[in-house]
Amino acid sequence: MLFVGFTSVMGQVELVSVEHRVYDFLRRMDVSGLLEDYNPAQMPISRRKVGEMLREIQNSELRMKNEKTKLNKNDRMMLGDFCKEFEYELRVQNSEFRIKNEGLKERDSFQEHEGMTGLRKDWVNDNKYIVSYTDTNVAVWGHLTGGLYQRNGVGDSVGARKFLAGDLGFEVRGTMFDRVGFAMSYSNGRAFVGNAEDKIFANTFDPFFRTAVSLKDDGKFFDHFKGYVRYEVPKRWLALMVGNENVKQGFGFVDNLFFSGIEPYPMIKLDLKYKAVSYTFSYGNIEDDSLGVISKNKMISTHRLDVKFAKWLRGGFYESVITNYSAFTFVHLNPFSFITSADLNRGAAGQWAGNTFMGFDVEVKPVKNVVVQGTFLIDDFNMASIGNSDYTANDNKFGYQAGVMWNDAFTIDGLSGVVEYTRLDPFVYAHHDNTLKFTNWGLSMGHQLPPNSDEWAFKFDYNVLARLNVGVLFQFQRSGEGFTYDSLGNVDINYGGNINHGERFFATIKNKFLQGDRVNRSIVGVSMRWEPVRQWGVEVKYFYKYQNLIYASRKVGDSFYYLNLFLKI
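Residues numbered from 1 in each chain as written. Predicted model: local features only at pLDDT ≥ 70, side-chain atom pairs only at ≥ 80, totals over all residues. Heavy atoms only, no water.

**Remarks on the overall build of the protein**
The cut-off we apply is this: A run of H or I in DSSP counts as a helix once it spans at least four residues, and a run of E counts as a strand once it spans at least two, with each numbered from the N terminus. Residue contacts follow a heavy-atom distance rule, with two residues in contact if any of their heavy atoms lie within 4.5 Å. Per-residue and other accessible areas were derived by the Shrake-Rupley procedure at a 1.4 Å probe size, with only the shown protein chains allowed to occlude residues.
Assigned secondary structure in the protein consists of 7 helices and 29 strands. For the protein, long-range pairs separated by at least 24 residues make up 64% of all intrachain contacts whose partners lie at least 6 apart in sequence. When the accessible area of the protein is evaluated, it comes to approximately 25200 Å², of which 60% is carbon and sulfur surface.

**Here we look at the layout of surface pockets**
Where we set the bar: As defined here, a cavity is a set of points on a 1 Å grid over the protein atoms alone where a 1.4 Å probe fits but cannot get out. A pocket is an open set with protein on both sides within 12 Å along at least five of seven lines, and residues line them when an atom is within 4 Å of a point. Grid points are joined across faces, edges and corners, and a volume is the space filled by probe spheres set on the points. When residue character is reported, Ala, Val, Leu, Ile, Met, Phe, Trp, Tyr, Cys and Pro are called nonpolar, Asp, Glu, Lys and Arg charged, and the others, Gly included, polar.
In this structure, the second largest pocket occupies an estimated 710 Å³ of space. Around the second largest pocket sit 29 residues that line it, and Ile45, Lys49, Arg236, Lys273 and Ser278 are the ones nearest its centre. Within the residue set of the lining of the second largest pocket, elements represented by two or more residues are strand S3 (45–46), helix H2 (47–63), strand S8 (221–232), strand S9 (238–245), strand S11 (265–274) and strand S12 (277–285). The dominant element in the lining of the second largest pocket, judged by the number of residues it contributes, is S11, at 5 residues. Residues that form the lining of the second largest pocket fall into these classes: 12 nonpolar, 5 polar and 12 charged.

**Brief notes about H2**
Residues three or four positions apart in an α-helix share a direction because the helix packs 3.6 residues into each turn. Defined as follows: One less than the number of residues in a helix, times 1.5 Å, gives the span that helix is expected to have. Relative accessibility decides the category of a residue: with a 1.4 Å probe and only protein chains considered, values under 20% of the type maximum give buried, values over 50% give exposed, and everything between is partly exposed.
Between its terminal C-alpha atoms H2 stretches 24 Å, which fits the 24 Å expected from 17 residues at 1.5 Å a residue. For H2, the complete set of buried residues consists of Arg47, Arg48, Val50, Gly51, Met53, Leu54, Arg55, Ile57, Gln58, Asn59, Ser60 and Glu61.

**What to know about the packing of H2 against helix H3 (residues 73–85)**
Put simply, the test is: Axes, fitted as lines to C-alpha atoms, cover a helix only where it is in contact. Angles between the N-to-C directions of the axes lie from 0 to 180 degrees. Handedness of each helix crossing follows the sense of rotation of the near helix against the far helix: counterclockwise by less than a right angle gives left-handed, clockwise gives right-handed.
It is at 10 Å that the axes of H2 and H3 come closest, and there the two elements cross at 145°. Every pair of crossing elements has a handedness; the one defined by H2 and H3 is left-handed. Side by side, H2 and H3 meet where Arg47, Leu54, Ile57, Gln58 and Glu61 of the first sit next to Arg76, Leu79, Phe82, Cys83 and Glu85 of the second. For the contact of H2 with H3, a count of residues per class yields 5 nonpolar, 1 polar and 4 charged.

**Observations regarding unusual backbone geometry**
Of note, the amide linkage connecting methionine 43 to proline 44 takes the cis form, showing an omega dihedral of 5°. With respect to the helices and strands, the residue proline 44 is situated in the loop between strand S2 (42–43) and S3. Positive phi outside glycine occurs at phenylalanine 427, with the angle close to 75°. Mapping phenylalanine 427 onto the fold places it in the loop between strand S20 (415–424) and strand S21 (439–440). Assessed through its relative accessible area of 1%, phenylalanine 427 is described here as buried.

**Observations regarding the pattern of salt bridges**
Counted only if it meets this: For this analysis, a salt bridge means a side-chain nitrogen from Lys or Arg found within 4 Å of a carboxyl oxygen belonging to Asp or Glu.
Here the structure, examined in full by the defined rule, presents 37 salt bridges. Measuring nitrogen to oxygen at the nearest pair gives 2.7 Å for the salt bridge that ties arginine 27 to glutamate 363. Of this pair, arginine 27 sits in helix H1 (residues 22–32) while glutamate 363 is found in strand S17 (residues 354–364), placing the two residues 336 residues apart along the sequence. One salt bridge connects glutamate 197 with arginine 161, and the closest N-O pair in it is separated by 3.2 Å. A residue pair is termed long-range when its members are at least 10 positions apart, and glutamate 197 in helix H5 (residues 196–205) and arginine 161 in strand S6 (residues 159–176) qualify at 36 residues. The class of arginine 161 is buried, set by a relative accessible area of 13%. Here the salt bridges share partners, and the residues they tie into one network are Arg21, Asp81, Arg467, Arg529, Glu531, Arg534 and Glu539.

**Here we look at the packing of H1 against H2**
Here is the rule: Should an angle fall under 35 degrees it is taken as roughly parallel, and over 145 as roughly antiparallel, whereas 65 to 115 is taken as roughly perpendicular and any remaining angle as oblique.
Where H1 meets H2, the axes come as close as 11 Å, and the angle between the chain directions of the two elements is 40°. With respect to each other, H1 and H2 are oriented oblique. Considering how the two elements wind past one another, H1 and H2 form a crossing that is left-handed. Judged by residue contacts, Val22, Phe25, Leu26 and Met29 of H1 engage Val50, Met53, Leu54 and Ile57 from H2.

**Notes on the packing of aromatic side chains**
Keep this limit in mind: Aromatic pairs are defined between Phe, Tyr and Trp rings, using the six-membered ring for Trp, whenever the two ring centres lie within 6.5 Å; interplanar angles under 30 degrees are classed as stacked, those over 60 as edge-to-face, and all others as tilted.
Applying the stated criterion across every chain, the model contains 30 aromatic pairs. Taking the centre distance of 5.3 Å and the plane angle of 45° together, the rings of phenylalanine 205 and phenylalanine 560 count as tilted. Taken together, the residues span a long stretch of sequence, with phenylalanine 205 in helix H5 and phenylalanine 560 in strand S29 (residues 554–568) at a distance of 355 residues. According to the relative accessible area criterion, phenylalanine 205 is partly exposed, its value standing at 37%. For phenylalanine 560, a relative accessible area of 6% translates into the label buried.

**Some thoughts on a nonpolar patch on the surface**
Short version of the rule: Patches were defined on residues exceeding 30% relative accessible area and lacking a salt bridge, with like-charge contacts within 9 Å and nonpolar side-chain contacts (Val, Leu, Ile, Met, Phe, Trp, Tyr) within 5 Å.
Together, Ile130, Val131, Leu144, Phe170, Met184, Tyr186, Phe225, Leu567 and Ile569 make up a nonpolar patch on the protein surface, roughly 720 Å² of accessible area in all. The residue phenylalanine 170 is located in strand S6 in this model.

**Overview of H1**
Of all 11 residues that make up H1, 10 are buried, and the element is covered over most of its length. Among all positions in H1, only Val22, Tyr23, Phe25, Leu26, Arg27, Arg28, Met29, Asp30, Val31 and Ser32 are buried. Glycine 33 occupies a position one or two residues after H1 and carries a positive phi of about 95°.

**Looking at the confidence of the model for the protein**
Put simply, the rule is: Values of pLDDT, ranging from 0 to 100, describe the predictor's confidence in every residue of the model.
Overall, the prediction assigns the protein a mean pLDDT of 86, with 88% of residues at 70 or greater. Of all the helices and strands in the protein, strand S14 (residues 293–294) carries the lowest mean pLDDT, 58, while S20 carries the highest, 97. Predicted confidence is poor over residues 97–110, with pLDDT under 50, and the contacts of this stretch with residues over four places away or in other chains come to 19 contacts. For the stretch residues 347–351, pLDDT sits under 50, and the model shows 2 contacts to residues farther than four places along the chain or on other chains.

**Describing the pairing of strand S4 (residues 131–134)**
Note the threshold: Here a strand pair is declared whenever DSSP counts at least two bridges between the two strands.
Going residue by residue along S4, you find Ser132 and Thr134 tucked away on one face and Val131 and Tyr133 left uncovered on the opposite face. Here S4 pairs with strand S5 (residues 138–155) via 4 bridges, running antiparallel. Pairing of serine 132 across the sheet is with tryptophan 141, part of S5. A loop of 3 residues connects S4 with S5, the two strands running antiparallel in sequence.

Below, the structure is given as structure tokens:
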């Protein structure tokens, strides 16, 4: 491994993937009051920004070291772990501080914490790279990656399924001239165990294998790729990214109504920030195969405005539109527009050519260690038909969400608890043109709850050790599903419970919440993540789904088992 000191490069512009566990840590530190400048409604963020927030937590914790509110042992160990992982960013920031404040004692700078190994060699705790190079203009790191993935299922709906696959790949990331960040990850995998039905099972139920379309045809190999280039101006008020990456937007604790980040997609993304106001715009291409009809020009344009009104209050406004009639249009590429109005103003012939969404969300911190969020999603809206008692009211479709997060719940250090309620009206995320539904690779880009459903979710996460986390998730769902057919076998009434079927939403009856074939679900999930050696670890998940098919007087149950082994060198 080659490494050339810490130089004048001022931090990394590349992004921290939305799957990174540092976001959970930052979220808890934000709720605890040790972190003020964290916006959980916008992910991903840059490594430079993560380094700044870790530094802020260090300084806040140092000021509180004689108070009862200081970090517990596991959180200090986790902070030390993250400081080690983002060591380059922290030491560069520390050097920058010294340069700007010559003659002053070093304060508010990089501090070593419990669990850190400093600069001494420690194979268990050190960052591992196959390539590591820095000079005054460039900082680059590279890894080799590998994984082994087991997916089993057994039950009334899935039968008996066994699937095992593995992959090998590489990652490279870096920053040039303090302004241009780049990152790329690629892996090639192979299925080792599983027949054709087992492969379809993995492709259907696991987002990780959703893009492996070859598995549907009993193929053996699959690929994953992400990559982008990102430019950031000197004072960081503007950044522009072009590439393929996951995006999360919204304050949801268990899942987001706006963007869940479940699959990456290629996009142009613009970020603006000035003091308490931030703005994000993106324009990209998403994949779809609607009932066998492939849409090659399925595009999505989004923007989001966030405002921090006070330390305890944040709010946001979100908009998006999905189109499929052109691979490029200036109407939706314009980053400063009211997207819904711009789409509708293309003329009467184009009023139904786009699937538009808008929404509002708010986050409030009433007391220390507690945060409350509320989200309102507008799928379709027609002021003139609100309150109508017939089918003309069907062009009003909404989603609602409210939740509470409690850090150090029940006074147990490291335990976080969440209660969240979500409701989706019939046909939310769907569209009368099925190629315009709010999906990527057939999966909802928003909340994973089906339309015409509601859910109570209870989630608990506990850090047993700094690198050992266990979680429990309880979900209770009610849904209205199904169709009725005419004498010719065509769909007559669609009750709006399937995101992939939006046809006949404007039929002859008024769509009512939970109307149709009633189904109640109870889902219990247990997870564990352990990383005994930095960048080498294991994830285990178990889910049991119990469904009461009330309309058919039948009950079914299914169990799902997930095992991931991962390493990075």
